[in-house]
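A closer look at the structure
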Amino acid sequence: MRYHGLALGILSWAALLAAPVEAAQRLKITLSNQEWPPYMGQELPYDGILSRLVKEAFARGGVDVAFRYYPNNRTLQSARNGQVDGSFGWAPTAERKRDLLYTLPVLSARMVFYQRKSHKLDWSRWAELKGARVGITVGNYYSDDFDAQAKNGILAVDSAPDDLVNLRKLLAGRIDLFPIDMEVGRYLIAHHFPPAQGAQLEAQNRSFWSAPLHVVIWRKHAQGKELVERFNRGLKVLQDSGDFDRLLQETREACLQPRAYSP
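Residues numbered from 1 in each chain as written. Predicted model: local features only at pLDDT ≥ 70, side-chain atom pairs only at ≥ 80, totals over all residues. Heavy atoms only, no water.

1. Digging into the packing of helix α6 (residues 163-172) against helix α7 (residues 182-192)
At a minimum axis distance of 11 Å, the contact between α6 and α7 shows a crossing angle of 75°. It follows from the interaxial angle that α6 and α7 lie roughly perpendicular. Each of D163, L164 and L167 in α6 lies in contact with α7, whose residues at this interface are L188, I189 and H192. Of the residues belonging to the contact of α6 with α7, the class tally is four nonpolar, one polar and one charged. (Axes fitted to C-alpha atoms, helices over the stretch in contact; angles between N-to-C directions. Helix = DSSP H or I, 4+ residues; strand = E, 2+ residues; numbered from the N terminus. Parallel < 35°, antiparallel > 145°, perpendicular 65-115°, else oblique. Contact = heavy atoms within 4.5 Å. Nonpolar A, V, L, I, M, F, W, Y, C, P; charged D, E, K, R; others polar.)

Take a look at the structure:
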């Protein structure tokens, strides 16, 4: 009996030593957010597609996320100066990396041309779009390659003050193509055009530019590297489980549900 008791004691200690010392403490952070539907937005279901994926990935890494909304031009700056713990939806640049730590990309923004179904323009090289009338929105960036084609006259660009005006011009036949992110174009058409009109427009299958969308953490944050590591682990869990694709599709469909379109 003494031996049995001793053996149990030894086994108990061995089990205790083999167990994790303690589950990693759950952290809480605040990320800046902005209006960029359907990826992000205060009135969107789940705060938008990208917002939901970011929050869910962090949750699986043991981090609870709150959002603080800023005007678009202040969203990134609030993370760079430490007003918030970080932000998301940003592509890396050398300048930004001076102030920010980057996670793995969550999604990629895919820039495509929208066209009328009755006037399709198939192409594989920029030169094949010679003479095409392409709408652009003032202040938007469409890639260095696009800018080069516009500068050398391959693309005949026609500017407008916003994306909706360009989509209306496309529908009316005043332009042949309009470049916009795939998800953003789909959202605008669903919410600002009656179904019969929206059905006349489509996105081309190929994208001409893709930009990775990352979470960024203030570089001076005391737990910055840990937050990046936790997010990356959580993102992998989300992807490997199949939940990533499920949540993306579920949130996309929720965001596209027509409320009342705004003419």
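So much for the structure itself; the text now carries on.
2. Overview of the environment of Q42
Turning to its location among the elements, Q42 is positioned in the loop between β1 (27-33) and α2 (49-60). The spatial distance from the C-alpha of Q42 to the C-alpha of R68 is 9.5 Å, given a sequence separation of 26 residues. Beyond its immediate chain neighbours, meaning those up to four positions away, Q42 contacts E35, D47 and Y69.

3. Observations concerning the pattern of salt bridges
Close approach of charged atoms lets side chains of opposite charge pair. The tally for this structure, following the rule as stated, stands at 16 salt bridges. A salt bridge links R125 to E128; the shortest N-O distance between them is 3.8 Å. The residue D243 makes a salt bridge to R246 at a minimum N-O spacing of 3.5 Å. Of the two residues, D243 and R246 both sit in helix α10 (residues 243-256), three residues apart, roughly one turn of that helix. R246 gets classed as partly exposed once you look at its relative accessible area, which sits at 42%. One continuous salt-bridge network, built from bridges that share partners, spans R52, E56, R60, D243, R246 and E250. (Salt bridge = Lys/Arg side-chain N within 4 Å of Asp/Glu carboxyl O. Buried < 20%, exposed > 50% of the residue type's maximum accessible area, 1.4 Å probe, protein only.)

4. Quick notes on the nonpolar core
With 62 residues, the main nonpolar core has F58 and L107 as its most contacted residues. Leaving out residues up to four positions away in the same chain, L107 has contacts with Y39, I49, L50, L53, A211, P212, L213, F244 and L248. In this structure, L76, A79, W90 and Y102 belong to the second largest nonpolar core, which totals eight residues. (Core = buried A, V, L, I, M, F, W, Y, C linked by side-chain atoms within 4.5 Å.)

5. Brief notes about the pairing of strand β8 (residues 201-218)
By the bridge criterion, four bridges tie strand β3 (residues 86-90) to β8 in an arrangement that is antiparallel. The partner of S87 across the bridge, within β8, is V216. Bridging between strand β4 (residues 100-116) and β8 involves 13 bridges; their strand directions are antiparallel. Bridge pairing in β8 places V112 opposite S207. (Pairing = 2+ DSSP bridges.)

6. A look at the confidence of the model for the protein
Looking at the protein as a whole, the pLDDT averages 90, with 89% of positions reaching at least 70. Contacts from residues 1-22, a stretch scored under 50 in pLDDT, to residues over four places away or in other chains number zero contacts. (pLDDT = per-residue confidence, 0-100.)

7. A look at the environment of Q115
With respect to the secondary-structure elements, Q115 resides in strand β4. One polar contact links Q115 to Q204, side chain to side chain, over a distance of 2.9 Å. (Polar contact = N/O pair within 3.5 Å; in protein donor to acceptor, adjacent residues only side chain to side chain.)

8. Focus: the packing of aromatic side chains
Throughout the structure, instances matching the rule amount to 13 aromatic pairs. On the numbers, 5.7 Å between centres and 70° between planes, the contact of W126 with F208 is edge-to-face. With W126 in the loop between β4 and β5 (133-137) and F208 in strand β8, this residue pair connects regions lying 82 residues apart in the sequence. Summarising the aromatic geometry, the rings of Y142 and F146 are spaced 5.2 Å apart at their centres and angled 45° between planes, so their arrangement reads as tilted. The ring of Y46 has R52 sitting right over it, with the charged end atom 3.6 Å from the ring centre. The ring of W123 carries the charged tip of R206 above its face, separated from the ring centre by 4.0 Å. (Phe/Tyr/Trp six-rings, centres within 6.5 Å; stacked < 30°, edge-to-face > 60°. Lys NZ or Arg CZ within 6 Å of the ring centre and 35° of its normal.)

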